[in-house]
Amino acid sequence: MILSRDFYDRPTLAVARDLIGTVLVHDTAAGRVSGMIVEAEAYIGEGDPACHAAPGPTPRNAPLYGPPGVAYVYFNYGMHYLVNAVTEPQGSPAAVLIRALAPLEGLPLMRLRRTRGTGRRAAHLDEHEVCRGPGNLTRALGIGASQNRADLTRGALVIEDRGLDPGPLAWTPRIGIRVGTEHRWRVIAVGHPAVSGPKRRGGPAQP
DNA sequence: CGTTCGATGCACT
DNA sequence: GTGCATCGAACGT
């Protein structure tokens, strides 16, 4: 079932934790693609220096101040779109960044989108690499600027609870940021092969 | 194995 | 003009 507005209208850390194991679905003319969320990060309020709300309200971060359960998509590094789910009551700027998915539906279409326009061969993309990393998963799912402010509780871009079990969870510092690294606001499905990050060295999962 | 660095566009100072 | 919530190729050890 599709997650309700009330699901998102809660403290951001609780939403981030509960999003692990849910399914991000995007329906487009080319077909349906989806994946189980295995990695996410919380960005909480104007007091969080890494949150886009840190400078106060601006045109770009307006979705963070709006109602929960809405997508906040923005363009970064000149080439990547990143997708968030807005959390907390309206007026309280916070969101959860979706960082990695385990592909479920539409894997061939995802591979096509990942490799189109690049020199890479689709066959060289492992299943767990297709949606590993926030920029990679938006590319694979066909998420771009037109999905900014999309309602995640109905429509083409939604998040569903399908009763999947992501296994044990762990909290770590957020990655890829230069400020606000003191908070352990990144949550992952421990040991899942689709999780991003530098420590993917071989061997069993570390708790 | 590890680290560095270029690509590439825009919001904000 | 500066600095990104990134990615992956290229390079060094």
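Predicted model only: the values in this text are computed from it and were never measured.

J.: Which residues make up the pairing of strand E1 (residues 23-28), and what values do they have?
T.: Here E1 runs beside strand E2 (residues 31-44); their pairing, made up of 6 bridges, is antiparallel. Within the sheet, the bridge partner assigned to His26 lies in E2 and is Val33. Between E1 and E2, which pair antiparallel and follow one another directly, the connecting turn spans 2 residues.

J.: Describe the protein's contact with DNA strand C, naming the residues involved and giving the relevant values.
T.: Tyr74, Asn84, Arg114, Gly176 and Ile177 are the nearest of the 20 residues found near DNA strand C. Looking at DNA strand C alone, sugar and phosphate atoms form 60% of those within 4 Å of the protein. At the level of secondary structure, the elements contributing two or more residues to the surface near DNA strand C comprise strand E3 (71-76), strand E4 (80-86), strand E5 (94-105) and helix H5 (134-141).

J.: Tell me what's going on with the protein's contact with DNA strand B, and back it up with residues and numbers.
T.: Near DNA strand B there are 8 residues, and of these Thr58, Phe75, Tyr77, Gly78 and Met79 occur at the shortest range. The sugar-phosphate portion of DNA strand B accounts for 58% of its atoms within 4 Å of the protein, the bases making up the rest. Within the contact set of DNA strand B, a base oxygen lies 2.3 Å away from a backbone nitrogen or oxygen of Tyr77. In the environment of DNA strand B, a base nitrogen lies 3.5 Å from a nitrogen or oxygen atom belonging to the backbone of Gly78. Each residue belonging to the surface near DNA strand B can be placed in one class, and the counts come to 4 nonpolar, 2 polar and 2 charged.

J.: Which residues make up the environment of Trp185, and what values go with them?
T.: In this structure, Trp185 sits in the loop between strand E7 (169-172) and strand E8 (186-189). Trp185 sits in the buried class, given a relative accessible area of 15%. In this structure the C-alpha to C-alpha distance between Trp185 and Ala40, which are 145 residues apart in sequence, comes to 8.4 Å. Excluding residues that lie within four positions of it along the chain, Trp185 makes contacts with Leu13, Ala40, Glu41, Ala42, Ile44, Asp48, Trp171, Thr172 and Arg174.

Each value, and the rule that gives it
Residues numbered from 1 in each chain as written. Chains lettered and ligands numbered in written order. Predicted model: local features only at pLDDT ≥ 70, side-chain atom pairs only at ≥ 80, totals over all residues. Heavy atoms only, no water. Pairing = 2+ DSSP bridges. Helix = DSSP H or I, 4+ residues; strand = E, 2+ residues; numbered from the N terminus. Near = heavy atom within 4 Å. Polar contact = N/O pair within 3.5 Å; in protein donor to acceptor, adjacent residues only side chain to side chain. Nonpolar A, V, L, I, M, F, W, Y, C, P; charged D, E, K, R; others polar. Buried < 20%, exposed > 50% of the residue type's maximum accessible area, 1.4 Å probe, protein only. Contact = heavy atoms within 4.5 Å.

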